[in-house]
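Topology and contacts: notes
Listed here are the chains, written in short residue letters.
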Amino acid sequence: MDMPRNHFKHAIAKGQLQIGLWCSLCSTVATEIVSHSGYDWLLLDTEHSPNDVPDILAQLQAAQSGTASCIVRPAWNDMVLIKRYLDIGAQTLLLPFVQTPEEAKRAVEWTRYPPKGMRGITGSGRASRYGRVKDYLKNASSEICVLVQVETREALKQIEAIASVEGIDGVFIGPNDLSASFGHIGNWGHAEVQDAIQDAAQKLKKVGKAAGILTPNEEEAKKFIQWGYTFVAVGADIGLLAKNADGLAKRFKPGT
């Protein structure tokens, strides 16, 4: 059996726009539904959602027949968490709150088997199709995609060095935490934050690494794409459910 191809990794390496959806409902049914909606990628979150390894495994299985690649966000840039999500078949990881090139380097090492890294070895996990993928241990890194989040003013100062670490495939700008770091909590529309977001895209383009971001605002998403963002989440499952459920209720109960 051949190594499963990571379509997302190869697409962003070519600079192809990838449109995504944030998934925080912790539901296999919801994940399966949106996996057929036409998005290029889905983000399965464990940092700010009550998902754990068994939940993510079930959602990866639910999304397998859909059109979207799955990205898993561990709760932290942690060797053990990274190992566990890779073993259950996650091929792309988004690692939060990476502040320095050294932290980015460790993130890459934790996704690589020795001698290039420190990933613990199992030959029978879901990632290798339960031992059926030929030479999985030798070739796994070719299809693993490592994305890191830059979320603070301090990390932005080192964004080019972080992005230039060998094995980093892309950098995701966390607009909420970034705005808080600039002293504008809850307001990433502030001019200072917007300038930083645009500048980040330009710097990432210079070093040849994909830039990613999230916004529920369609016009803002289009603007970010114009600025050079390659993988853009244009909404979230929770927001879609809440907004549409509220809207339907208000149309029948205007006072609510």
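Below, the structure is looked at part by part. Here the structure is a predicted model, which means the values were calculated and not measured.

What counts, and at which threshold
Residues numbered from 1 in each chain as written. Predicted model: local features only at pLDDT ≥ 70, side-chain atom pairs only at ≥ 80, totals over all residues. Heavy atoms only, no water. Phe/Tyr/Trp six-rings, centres within 6.5 Å; stacked < 30°, edge-to-face > 60°. Helix = DSSP H or I, 4+ residues; strand = E, 2+ residues; numbered from the N terminus. Buried < 20%, exposed > 50% of the residue type's maximum accessible area, 1.4 Å probe, protein only. 1 Å grid on protein atoms, 1.4 Å probe; cavity = no way out; pocket = protein on both sides within 12 Å on 5 of 7 lines; lining within 4 Å. Points joined across faces, edges and corners; volume = space filled by probe spheres on them. Right-handed = clockwise from strand over helix to strand, strands pointing away. Pairing = 2+ DSSP bridges. Salt bridge = Lys/Arg side-chain N within 4 Å of Asp/Glu carboxyl O. Polar contact = N/O pair within 3.5 Å; in protein donor to acceptor, adjacent residues only side chain to side chain. Axes fitted to C-alpha atoms, helices over the stretch in contact; angles between N-to-C directions. Parallel < 35°, antiparallel > 145°, perpendicular 65-115°, else oblique. Contact = heavy atoms within 4.5 Å. Nonpolar A, V, L, I, M, F, W, Y, C, P; charged D, E, K, R; others polar.

**Quick notes on the packing of aromatic side chains**
Under the counting rule described, the total for this entry stands at nine aromatic pairs. With a centroid separation of 6.1 Å and 70° between ring planes, the pair formed by tryptophan 41 and phenylalanine 231 is classed as edge-to-face. Here the residue tryptophan 41 occupies a position in strand 2 (residues 41-45), and phenylalanine 231 occupies one in strand 8 (residues 231-236), the gap between them amounting to 190 residues. Judged by its relative accessible area of 1%, phenylalanine 231 falls in the buried class. Joined through ring pairs, the aromatic side chains of Phe8, Trp22, Trp41, Phe172 and Phe231 make up one cluster.

**Remarks on empty space enclosed by the protein**
All chains considered together, the criterion is met by one cavity of 30 Å³ or more. The computed volume of the largest cavity comes to approximately 30 Å³. Asp87, Tyr113, Arg119, Thr122, Gly125, Arg126, Ala127, Ser128 and Tyr136 together form the lining of the largest cavity.

**Examining the pairing of strand 2**
A regular strand places its side chains so that they alternate between the two faces of the sheet. Across the five residues of strand 2, five count as buried, placing the element largely inside the fold. Going residue by residue along strand 2, you find Trp41, Leu43 and Asp45 tucked away on one face and Leu42 and Leu44 tucked away on the opposite face as well. As a crossover connection, the stretch from strand 1 (residues 18-23) through helix 2 (residues 28-35) into strand 2 is right-handed. In terms of strand pairing, strand 2 meets strand 3 (residues 69-73) through five bridges, oriented parallel. Counted as the bridge partner of leucine 43 is isoleucine 71 from strand 3. Following the backbone out of strand 2, through helix 3 (residues 53-63) and into the adjacent parallel strand 3, one traces a crossover that is right-handed.

**Here's the deal with the pattern of salt bridges**
For the coordinates displayed, the defined rule picks out eight salt bridges. With a shortest N-O distance of 2.6 Å, arginine 73 and aspartate 45 are connected by a salt bridge. Of this pair, arginine 73 sits in strand 3 while aspartate 45 sits in strand 2, and the two are 28 residues apart along the sequence. As far as the burial class goes, arginine 73 and aspartate 45 line up, both buried. The shortest N-O distance in the salt bridge between aspartate 199 and lysine 203 comes to 3.2 Å. Taken together, the residues span about one helical turn, with aspartate 199 and lysine 203 both in helix 10 (residues 191-207) at a distance of four residues. The exposure class of aspartate 199 is partly exposed, given its relative accessible area of 33%.

**Remarks on the side chain of threonine 152**
The topology assignment puts threonine 152 in the loop between strand 5 (145-150) and helix 7 (153-156). Since its relative accessible area comes to 9%, threonine 152 is described here as buried. At a separation of 2.8 Å, a polar atom in the side chain of threonine 152 contacts the side chain of glutamine 99.

**Focus on the packing of helix 10 against helix 11 (residues 218-227)**
Close contact between helix 10 and helix 11 brings their axes to 9 Å; oriented N to C, the two are set at 40°. As summarised for this structure, helix 10 and helix 11 are arranged oblique, according to the angle between their axes. Counting all contacts with helix 10, which are made through Gln194, Ile197, Gln198 and Ala201, the residues of helix 11 involved are Glu220, Lys223, Phe224 and Trp227. Broken down by class, the residue content of the contact of helix 10 with helix 11 amounts to four nonpolar, two polar and two charged.

Interpretation note: all reported values are geometric properties and have no functional meaning in isolation.
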